[in-house]
Amino acid sequence: MTFTSQTRGFARALFLCASFGLLTACGDTLTKSTMSAPAPSSFNPMLQAKAIAEVKAKQARGTRVWCVPFARTASGIDLQGNAGTWFAAAKGKYYRGKAPEAGAVMVFAPHSSSRLGHVAVVSEVISDRKVLIDHANWHRNQISLKMPVIDVSEKGDWSRVQVEATPGVLGNPRPLHGFVYPRKIGAAAAAEAAS
């Protein structure tokens, strides 16, 4: 069987991401969720590699890259609709909360410069008020990995954040709905297990 160099490159990246995930899985420290959800989630480098490959294929075809398909693939959270609707759409299907966890989807609320909202996957929790995110289309048609986000809310509840899109420069504060965790709730989890 003959592989193209692109396929070999993707396979190599997938292997490296999976290996890194296995090596770091035991050392991850996650902040506690505000929900009484089962065990904390964790960032999945294999899903991230798949999401990156999908974006690269779209870019090669000249197809527009959006945040929602990237977040859906990178997190494994199967929700539909505009980014700003994801927090409400997850109700009764996925656990949700106001505390970041690696692997969770950060749901930005619609506002003046982003009328449909935005979604990103938390790749690492640095502290109670700082995370790194992976997402698409923050910069038009591009993927941004390990981008810092700071909680600037008065109560420390992740309701307002600033994104460091340019190294060393925090953007304007943006409203956040919260986080959707990649763990299904009751009936949704049971239905998936039965199929």
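In this report, we go over the structure that sits alongside the text. What you are looking at is a predicted structure, and each value in this text was computed from that prediction instead of being measured. Once a new chain begins, its residue numbering starts again from 1 and follows that chain's sequence as written. Note on the predicted model: pLDDT of at least 70 is required for a residue's local features to be given, and 80 or more for side-chain atom pairs to be given and counted; whole-chain, interface and lining totals, by contrast, use all residues. Heavy atoms throughout the structure, all of them, feed into the side-chain values; hydrogens and water do not.

### Remarks on the side chain of glutamine 162
Line of reasoning, step 1. The secondary structure listing takes helices from DSSP runs of H or I that are at least 4 residues long and strands from runs of E that are at least 2 residues long, numbered from the N terminus. On the secondary structure map, glutamine 162 appears in strand S6 (residues 160–163).
Line of reasoning, step 2. Partly exposed describes any residue whose relative accessible area lies between the buried limit of under 20% and the exposed limit of over 50%, with all areas from a 1.4 Å probe on protein chains only and scaled to the type maximum. With a relative accessible area of 16%, glutamine 162 lands in the buried category.
Line of reasoning, step 3. A distance of 2.7 Å separates the side chain of glutamine 162 from the backbone oxygen of glycine 171, its partner in a polar contact.
Line of reasoning, step 4. Only heavy atoms enter the contact rule, under which two residues are in contact if any of them lie within 4.5 Å. Excluding residues that lie within four positions of it along the chain, glutamine 162 makes contacts with Pro148, Val149, Ile150, Val152, Leu170, Gly171, Asn172 and Pro173. Between N or O atoms, a polar contact is any pair within 3.5 Å; within protein, one atom must be a potential hydrogen donor and the other a potential acceptor, and residues adjacent in sequence are included only when both atoms are from side chains.

### Structural notes on the packing of aromatic side chains
Line of reasoning, step 1. By convention, a stacked pair of Phe, Tyr or Trp rings (six-membered ring in the case of Trp) has centres within 6.5 Å and planes under 30 degrees apart, an edge-to-face pair has planes over 60 apart, and any other such pair is tilted. What the rule picks out here adds up to two aromatic pairs.
Line of reasoning, step 2. On the numbers, 5.7 Å between centres and 45 degrees between planes, the contact of phenylalanine 108 with tryptophan 138 is tilted. In this pair, phenylalanine 108 sits in strand S2 (residues 105–108) while tryptophan 138 sits in the loop between strand S4 (130–136) and strand S5 (143–151), placing the two residues 30 residues apart along the sequence.
Line of reasoning, step 3. The class for phenylalanine 108 is buried, based on a relative accessible area of 3%.
Line of reasoning, step 4. For the ring pair tryptophan 158 and phenylalanine 179, a centre distance of 5.8 Å and an interplane angle of 75 degrees mean the geometry is edge-to-face. Separated by 21 residues along the polypeptide, tryptophan 158 in the loop between S5 and S6 and phenylalanine 179 in strand S7 (residues 174–184) bring together distant segments of the chain.
Line of reasoning, step 5. Overall, the relative accessible area of 0% leaves phenylalanine 179 in the buried class.
Line of reasoning, step 6. Positioned above the aromatic ring of phenylalanine 43 is the side chain of lysine 146, whose terminal nitrogen or guanidinium carbon lies 5.9 Å from the ring centre. Cation placement over rings: the criterion is NZ of Lys or CZ of Arg within 6 Å of the ring centroid and within 35° of the ring normal.

The quantities given are spatial measurements derived from coordinates; they are silent on function.
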